Amino acid sequence: MQKLDQVYEGKAKKVFRTDDPELFIVDYKDDATALDGLKKGTIAGKGAINNQMTNRLMARMERAGIPTHFVRELSPRETLVKRVEIVPLEVIVRNISAGHFASRYGVEEGIVFDQPTIEFSYKNDDLHDPLLNSYHAIALKLATPAEIELIKRYAFAVNDVLKAFWAACGVTLVDFKLEFGKTADGTIVLADEISPDTCRLWDSETHEKLDKDRFRRDMGGVEDAYTEIMKRLLDHDAE
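Every residue gets a number counted from 1 within its own chain, in the order that chain's sequence is written. Where totals are concerned, whole chains, interfaces and linings use all residues; where local detail is concerned, this predicted model gives features only for residues with pLDDT of at least 70, and gives and counts side-chain atom pairs only at 80 or more. As a convention, hydrogens and water are excluded, and side-chain values are obtained from all of the structure's heavy atoms.

Visitor: Account for the sheet that holds strand S6 (residues 70-73), with residues named and values stated.
Guide: Whether parallel or antiparallel, the strands of a sheet pair through hydrogen bonds between backbone atoms. Two strands pair if DSSP finds at least two bridges between them. Secondary structure follows DSSP: runs of H or I at least 4 residues long count as helices, runs of E at least 2 residues long count as strands, and numbering of each begins at the N terminus. With antiparallel pairing, five strands are arranged side by side in an open sheet as S1-S2-S3-S7-S6. Strand pairing shows two members of the sheet lacking a second neighbour, strand S1 (3-9) and S6, which therefore form its edges. Recorded for the sheet is a direction-independent mean angle of 30 degrees between the axes of neighbouring strands. Two elements, S6 and strand S7 (residues 78-82), share three bridges in a ladder whose sense is antiparallel. Directly across from Glu73, in S7, lies its bridge partner Thr79. Contacts: residue pairs with any heavy atoms within 4.5 Å of one another. Here an axis means a line fitted to C-alpha atoms, over the contact stretch when the element is a helix, while the angle between two N-to-C directions is reported on a 0 to 180 degree scale. Helix-sheet contacts for helix H1 (residues 46-63) involve strand S3 (23-28), S6 and S7, and the interaxial angle to S6 is about 130 degrees.

Visitor: Which residues make up the packing of aromatic side chains, and what values do they have?
Guide: Pairing of aromatic rings covers Phe, Tyr and Trp, the last through its six-membered ring, and needs centres within 6.5 Å; plane angles under 30 degrees mean stacked, over 60 mean edge-to-face, and all others mean tilted. Scanning the entire structure with this criterion turns up four aromatic pairs. Relative to Trp166, the ring of Phe165 lies with its centre 5.1 Å away and its plane at 70 degrees, an arrangement referred to as edge-to-face. This pair shows no difference in class: Phe165 is buried, exactly as Trp166 is. The residue whose ring lies beneath Lys3 is Phe16, and the NZ or CZ to ring-centre distance is 4.1 Å. Of note, Lys39 hangs over the ring of Phe215, and the distance from its end group to the ring centre comes to 4.8 Å. Each residue is assigned to one of three classes by its accessible area relative to the maximum for its type, calculated with a 1.4 Å probe on protein chains only: buried under 20%, partly exposed between the two thresholds, exposed over 50%. Only Lys NZ and Arg CZ are tested; either one counts as a charge over a ring when it is within 6 Å of the ring centre and within 35 degrees of the ring normal.

Visitor: Tell me about the packing of helix H4 (residues 145-168) against helix H6 (residues 222-238), residues and numbers included.
Guide: Relative orientation of the contacting elements H4 and H6 amounts to 90 degrees, with a least axis distance of 9 Å. Classed by the angle they form, the pair H4 and H6 counts as roughly perpendicular. Between H4, through Phe165, Trp166 and Ala168, and H6, the contact on the second element is made entirely by Ile229, Leu233, His236 and Asp237. Charged means Asp, Glu, Lys or Arg here, nonpolar means Ala, Val, Leu, Ile, Met, Phe, Trp, Tyr, Cys or Pro, and polar covers whatever is left, Gly included. Split into classes, the residues belonging to the contact of H4 with H6 amount to five nonpolar, one polar and one charged. Small angles under 35 degrees read as roughly parallel and large ones over 145 as roughly antiparallel, with 65 to 115 read as roughly perpendicular and the rest as oblique.

Visitor: Which residues make up the pairing of strand S14 (residues 199-203), and what values go with them?
Guide: In terms of residue burial, S14 counts as a mostly covered element, since five of its five residues are buried. The alternating pattern of S14 places Cys199, Leu201 and Asp203 on one face and Arg200 and Trp202 on the opposite face, and all of these are buried. Strand direction decides the pairing type here: strand S12 (residues 171-182) and S14, joined by five bridges, are antiparallel. Within S14, the residue paired with Leu173 across the bridge is Leu201.

Pasting the structure below:
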């Protein structure tokens, strides 16, 4: 597989064409941003951790019947993926109140919901990713009603898989963000990443934050948290 020119660079990843038009290479960076891009920094080793964690969790999704863009890992920081057109919806599933949910609705963090919630935001940096509902998404032609229902079903299925996996690692899955894409034949697949950048992960006993909130909130120990969460994943996979 030959790596060709770069076609995209985002906040956390670069994407390159290959000699197969239906396959891209994703290269994970150590760059970190928060607060809508206002806060910027570097988390040493983040790219390798996020890449390898995402790949292992994507493989779990495939085994659970949730299609993904994952093809194979090429190196600690690079992965071969299917070319997809990203559906411009960020999909957030929440099991416990935290972050924007807590501040938006004036509730404390840590409230365990009777059932998970789901919300969408319009993936548009210029508009600061505004919240929207499924009717807005359909009106804006971001997705069809059938695609939205499928995305919701996949998102809740991902939640079931992740909650069980992280619980076995002594970690509570608080909430997470997903992105989906469409392959050349229009199939909806899980894309982007599943990592401490996109998930809130708390130690099940101490509730210590083991995710990007440590960077967002200047809590310190960011690299240690990413290393710890990766260690727990690898220890569980080795069992």
